[in-house]
Amino acid sequence: MNAITLRSRVCRILAVIFGIFWTVISLLPFLFMGLNSFKEKFEMMTKGVFALPDSLYLENYKAVFQGNFFRFFFNSVVVLAVSLLILLFIAACASYPLSRFKFKLASPIYALIVACMSIPIHITLIPVFKMSKNMGIYDSIWALIGPYIATAIPISVFILTSFMREIPKEIEEAAQIDGCSRYATFFRVILPLSKPGLATLAIYNGVNMWNEFSFAYTLTQSSANRTLPLAVWEFQGQYSMNMPMIMSVLTLTVIPMILLFIFAQDKLVKGMTAGAVKG
């Protein structure tokens, strides 16, 4: 066995060991939530947090479903769906000219958009709060859509512009020779070829919007208009000593995102690596 083969095997073994270790570390929070969500109120305190429950105590989930959980879930789905659709359309419309057209203001505009990524979202809470009050949309789920889109546009345009730059110009030129206008080329050629990048943005921004707390807490007040992160907050206040109940809410909250990653992980990987060949 030569030195190169031995080194290759050692590296492979180390990669497997680190992969298993990282998998265990990543699964521990989900294991913690899942196990304790099936325990009774004081069972978590009297036994270890990673101990198996004495029985599958389903009353925690029953109590959660009898509350306003489905209302919170519906609000989160509506806000997420509307925000993502508008965000992806705006990001695609902005990224296309920045990546394919040559004009003097292209670089300054792109630099300004990238610079906006460094703005902390928390400094915008008070202005956005006053704006929503003046517009009459405070304490409604519609007040969340604008801030969610605005805060996600810089990173979305940054990623999608880099992705569209890697699309061969020959495809676009061939479409124009066949009689496609700029608009037709964008909708029939560029957008379909940008699906991996759009899927990546949808997953990345979708997770952030699903778990967002600051704007949801600032711009909504009534329980009927709050989203799932605030459901966790509300159940925590209502069942402060009932940790298994809170674990049940957390488990139900993360399940949609876990399913999203399971069914869309291939698109996420393709979108993240598709534009990585060139700088």
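It should be emphasised that the depicted structure is a prediction, and the values quoted were computed from it without experimental measurement. (Residues numbered from 1 in each chain as written. Predicted model: local features only at pLDDT ≥ 70, side-chain atom pairs only at ≥ 80, totals over all residues. Heavy atoms only, no water.)

1. Comments concerning the overall build of the protein
Regarding its fold elements, the protein presents 13 helices and zero strands. N-terminal to C-terminal, the α/β element order of the protein is α-α-α-α-α-α-α-α-α-α-α-α-α. Scaling as 2.2 N^0.38, a compact globule of 279 residues should have a C-alpha radius of gyration of about 19 Å, whereas the protein reaches 24 Å, well beyond that. Judged by the C-alpha coordinates and their principal axes, the protein covers about 75 × 70 × 35 Å. Relative to its 279 residues, the protein shows a buried fraction of 37%. Nonlocal contacts in the protein, meaning residues at least 24 apart in sequence, comprise 73% of its contacts between residues at least 6 apart. A total accessible area of about 16600 Å² is found for the protein, and carbon and sulfur atoms account for 70% of it. Charged side chains of the protein number 22 positive and 13 negative; the gap between the two group centres comes to 8 Å. (Helix = DSSP H or I, 4+ residues; strand = E, 2+ residues; numbered from the N terminus. Rg over C-alpha atoms; globule rule 2.2 N^0.38 Å. Buried < 20%, exposed > 50% of the residue type's maximum accessible area, 1.4 Å probe, protein only. Contact = heavy atoms within 4.5 Å. Areas by Shrake-Rupley, 256 points an atom, 1.4 Å probe, with all protein chains shown as cover. Lys, Arg positive; Asp, Glu negative; His and termini not counted. Charge placed at Lys NZ, Arg CZ, Asp CG, Glu CD.)

2. Here's the deal with the environment of Gly-48
With respect to the secondary-structure elements, Gly-48 resides in the loop between helix 2 (43–46) and helix 3 (59–66). Among the residues examined, Gly-48 registers a relative accessible area of 40% and is labelled partly exposed. Here the alpha-carbon distance between Gly-48 and Ile-86, two residues 38 residues apart in the chain, equals 46 Å.

3. A word on the confidence of the model for the protein
Low-pLDDT portions of the prediction should not be read for the details of their coordinates. Overall, the predicted model of the protein reaches an average pLDDT of 84, with 91% of residues at or above 70. The model gives residues 275–279 a pLDDT under 50, and that stretch makes four contacts with residues more than four places away or in other chains. (pLDDT = per-residue confidence, 0-100.)

4. Thoughts on helix 9 (residues 182–193)
Taking 1.5 Å per residue as the helical rise, helix 9 with its 12 residues ought to reach 16 Å, and the 15 Å between its terminal C-alpha atoms agrees with that figure. Of all the positions in helix 9, only Ala-184, Thr-185, Phe-186, Val-189, Ile-190 and Leu-191 are classed as buried. Its buried side turned inward, helix 9 meets helix 4 (69–100), helix 7 (142–165), helix 8 (169–177) and helix 10 (195–211). (Expected span 1.5 Å × (residues − 1).)

5. Considering the packing of helix 8 against helix 9
Here helix 8 crosses helix 9 at 140°, and the two axes come no closer than 10 Å. Regarding helix 8 and helix 9, the two cross each other, and that crossing is right-handed. Contact residues: Ile-171, Glu-172, Ala-175 and Gln-176 in helix 8; Arg-182, Thr-185, Val-189, Ile-190 and Leu-193 in helix 9. Each residue belonging to the contact of helix 8 with helix 9 can be placed in one class, and the counts come to five nonpolar, two polar and two charged. (Axes fitted to C-alpha atoms, helices over the stretch in contact; angles between N-to-C directions. Left-handed = near helix turned anticlockwise from the far one by under 90°. Nonpolar A, V, L, I, M, F, W, Y, C, P; charged D, E, K, R; others polar.)

6. Some words on the nonpolar core
Ranked by internal contacts, the top residues of the largest apolar core, which has 33 residues, are Val-64, Leu-144, Tyr-148, Met-209 and Phe-215. For this core, the secondary-structure elements that each account for two or more residues are helix 3, helix 4, helix 6 (125–135), helix 7, helix 10, helix 11 (214–219), helix 12 (228–238) and helix 13 (243–274). Per-element accounting of this core gives the leading share, seven residues, to helix 4. Ranked by size, the runner-up nonpolar core spans 16 residues in total, among them Tyr-110, Ile-167, Ile-190 and Leu-198. (Core = buried A, V, L, I, M, F, W, Y, C linked by side-chain atoms within 4.5 Å.)

7. As for the state of the cysteines
Tallied over the full model, the rule gives zero disulfides. Cysteine Cys-116 is unpaired, with the sulfur of Cys-93 as its nearest cysteine sulfur at 18 Å. (Disulfide = S-S within 2.5 Å.)

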